[in-house]
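Take a look at the letters that make up each chain.
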Amino acid sequence: MDTISPPAQVAFVGLGVMGAAMAANILKAGFTLAVHNRSRGKAEALEAAGARWAASPAEAARGADCVGLCLPDTPDVEAVLFGPDGIAEGVGPGTVVIDFSTIAASPATGFARRMLEERGAHLLDSPVSGGPGGARDGTLTCMIGGDAVAFEAARPFFEAVGKTLTHLGPPGAGQVCKSANQLLVAATMQAVSEALALGRKAGLDPVAMRQALLGGSARSFVLENHAKRMIENTLQPGFRAELMRKDTRLSLGAMRDHGVFAPATAMAAQMMEALVNSGRGGMDSAALGLLVAELSGLEA
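What comes next is a walk through the structure.

Parameters and conventions
- The residue numbers shown here count from 1 along each chain, following its written sequence.
- In keeping with the predicted nature of the model, local features appear solely for residues at pLDDT of at least 70, side-chain atom pairs appear and are counted solely at 80 or more, and the whole-chain, interface and lining totals rest on all residues.
- Excluding hydrogens and water, the side-chain values take into account all heavy atoms of the structure.
- The criterion is simple. A nonpolar core is a set of buried Ala, Val, Leu, Ile, Met, Phe, Trp, Tyr and Cys residues joined through side-chain atoms within 4.5 Å.
- Categorising residues by exposure relies on relative accessible area from a 1.4 Å probe, with only protein chains included: less than 20% of the type maximum marks a residue as buried, more than 50% marks it as exposed, and the intermediate range marks it as partly exposed.
- Only runs of H or I of at least four residues qualify as helices and only runs of E of at least two qualify as strands under DSSP, and these elements are numbered from the N terminus.
- Note on contacts: a residue pair qualifies if any of its non-hydrogen atoms lie within 4.5 Å across the two residues.
- The pairing test for Phe, Tyr and Trp rings, Trp by its six-membered ring, is centres within 6.5 Å, and the orientation test on the planes gives stacked under 30 degrees, edge-to-face over 60, and tilted for anything in between.
- Charge-over-ring placement is defined geometrically: NZ (Lys) or CZ (Arg) within 6 Å of the ring centre, and within 35 degrees of the ring normal.
- Any carboxyl oxygen of Asp or Glu that lies within 4 Å of a side-chain nitrogen of Lys or Arg is treated as forming a salt bridge with it.
- Put simply, the grid is 1 Å and covers the protein atoms alone, a cavity is a trapped set of points that fit a 1.4 Å probe, a pocket is an open set with protein on both sides within 12 Å along at least five of seven lines, and lining residues have an atom within 4 Å of a point.
- Grid points are joined across faces, edges and corners, and a volume is the space filled by probe spheres set on the points.
- Side-chain classes follow a simple rule in which Ala, Val, Leu, Ile, Met, Phe, Trp, Tyr, Cys and Pro form the nonpolar group, Asp, Glu, Lys and Arg form the charged group, and the remainder, Gly included, forms the polar group.
- The span expected for a helix works out to 1.5 Å for each residue beyond the first.
- Here an axis means a line fitted to C-alpha atoms, over the contact stretch when the element is a helix, while the angle between two N-to-C directions is reported on a 0 to 180 degree scale.
- If an angle is under 35 degrees, it is roughly parallel; if it is over 145, roughly antiparallel; if it lies from 65 to 115, roughly perpendicular; otherwise it is oblique.

## With respect to the nonpolar core
Grouped together as the largest cluster of nonpolar side chains are 37 residues, with contacts concentrated most on Phe12, Met22, Phe100 and Phe158. Mapped by element, the contributors of at least two residues to this core are strand S1 (9-13), helix H1 (17-28), strand S2 (32-36), strand S5 (96-99), strand S8 (140-145), helix H7 (148-153) and helix H8 (155-161). At six residues, the largest contribution of residues to this core is made by H1. In contact with Phe158, not counting residues within four places along its chain, are Ile98, Phe100, Leu124, Ser126, Cys142, Ile144, Phe151 and Leu165. Counting 26 residues, the second-largest nonpolar core is a separate cluster that includes Val222, Leu275, Leu290 and Leu291.

Below, the structure is given as structure tokens:
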């Protein structure tokens, strides 16, 4: 399989916060890019920069060597791949389709099998970590499942959006790894929320407490970033709590499917359910700190 390098014709479908930034970096890398989104307004900046608007996922995929997509959930991915005017109607044999969405591993495996059987195209699952900042900077972590040869062929496409690229195994492997990633983030965020609440109730300055913790073994991405947002109450999304709830549900399902004893996953998932049910689903997931503070009898 030939390497897919600029200025090869490629496409991207799904221009939310993450997808739009990824598509912009693909365009900057020199690829010839077609884009599609449910609402065209989100494509305006990309069109101004030289991307071509496609009226449907099928049109975007037609003639493309590589197609990326980034969508909210499993039903969205299935519809864009196999629904009317979906990507499967436009791709040719040998095309590499890369799903950057976070969805359940079992459907991801089935989608890859179906794409290969029906169209002769390779579907890689590649959920990402790094948030909107990583998407803008092109430094995302890509957790990749699927055909290894197809991954190597699409490496230049991956390198336009990510810094850490890890091929983990067959279709679905990337989604299993992402479930583990989201568990670690959510469980750490719960611990950080409780630690800050403890400090406040004991009369400590949370800013000074965080600084002290960053100097020791407790240092983490969550303590560096999410704790700062909790303390400053800057909770506009980022990554919405309702999306983290979706992801922790996926983590819980993955643990169940593989028979893992997972009390931390269960707790993290329940806390995200509580956070969204408290009316904070549209806030950043770091709003978990607000919920823990509230349950601890503290004011925001």
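Let's pick the thread back up.
## Looking at the packing of aromatic side chains
Inspection of every chain in the model, using the stated rule, returns five aromatic pairs. Considering the side-chain rings of Phe12 and Phe100, the 6.1 Å spacing of their centres and the 15° angle between planes classify their relative orientation as stacked. Placement of Phe12 in strand S1 and of Phe100 in the loop between S5 and helix H5 (105-119) is noted, with a sequence separation of 88 residues between them. Classification of Phe12 as buried rests on a relative accessible area of 0%. Their ring planes at 65° and their centres at 5.4 Å tell us that Phe151 and Phe158 sit as a pair that is edge-to-face. The two residues Phe151 and Phe158 agree in class, both being buried. Through successive ring pairs, a cluster of aromatic residues spans Phe12, Phe100, Phe151 and Phe158. Its guanidinium or amino end placed over the ring of Phe82, Arg114 lies 4.0 Å from that ring's centre, counting from NZ or CZ.

## Some thoughts on the pattern of salt bridges
For the coordinates displayed, the defined rule picks out twelve salt bridges. Salt-bridge contacts for Glu152 lead to Arg155; the nearest nitrogen and oxygen are separated by 3.0 Å. Looking at Glu152, the relative accessible area reads 42%, which means it is partly exposed. Taking relative accessible area as the criterion, Arg155 reaches 26% and is therefore assigned partly exposed. For Arg245, the salt bridge goes to Glu273, with nearest N and O atoms at 3.7 Å. Highlighted residues: Arg245 in helix H12 (residues 241-257) and Glu273 in helix H13 (residues 263-280), separated in sequence by 28 residues. Neither residue differs from the other here; Arg245 and Glu273 are each classed as buried. What you see here is one network of salt bridges that share partners, running through Arg245, Arg249 and Glu273.

## A look at the layout of surface pockets
The space that makes up the second largest pocket amounts to roughly 240 Å³. Arg200, Met230, Ile231, Gly289 and Ala293 are the residues nearest the centre of the second largest pocket, which is lined by 15 residues in total. For the lining of the second largest pocket, the secondary structure elements donating two or more residues are helix H9 (173-201), helix H11 (221-232) and helix H14 (288-295). Looking at the lining of the second largest pocket element by element, the count peaks at four residues for H9. Along the lines of polarity and charge, the residues of the lining of the second largest pocket split into eleven nonpolar, three polar and one charged.

## Topic: H11
An ideal rise of 1.5 Å per residue puts 16 Å on twelve residues; H11 measures up with 17 Å between its terminal C-alpha atoms. In this structure, the buried side of H11 is in contact with H9, helix H10 (206-214) and H14. Following H11 by one or two positions, Asn233 adopts a phi angle in the positive range, close to 60°.

## Considerations on the packing of helix H4 (residues 74-82) against H5
Across the interface, H4 lies against H5 with an axial gap of 11 Å and an inter-helix angle of 5°. Put simply, H4 runs roughly parallel to H5. In this structure, H4 uses Thr74, Val77, Glu78, Leu81 and Phe82 to contact H5, whose residues at the interface are Pro107, Phe111, Arg114, Met115 and Glu118. A breakdown of the residues in the contact of H4 with H5 according to their chemical character gives six nonpolar, one polar and three charged.

## Topic: unusual backbone geometry
In this chain, Pro6 is followed by Pro7 through a cis amide linkage whose omega measures 10°. Positive phi is not limited to glycine here, since Asp85 has a value of about 60°. Looking at where Asp85 falls in the secondary structure, it is placed in the loop between H4 and S5. When its relative accessible area of 44% is taken as the criterion, Asp85 is described as partly exposed. Positive phi values are uncommon outside glycine, yet Asn233 reaches one of about 60°. Overall, Asn233 belongs to the partly exposed group, its relative accessible area being 44%.

## Section: empty space enclosed by the protein
Scanning all chains against the criterion turns up one cavity of 30 Å³ or more. Computed from the structure, the largest cavity encloses a volume of approximately 30 Å³. If you trace the largest cavity, you find it lined by Asp99, Ile103, Ala108, Phe111, Leu123 and Asp125. For the lining of the largest cavity, the secondary structure elements donating two or more residues are H5 and strand S6 (122-125). Counted by class, the lining of the largest cavity contains four nonpolar, no polar and two charged residues.

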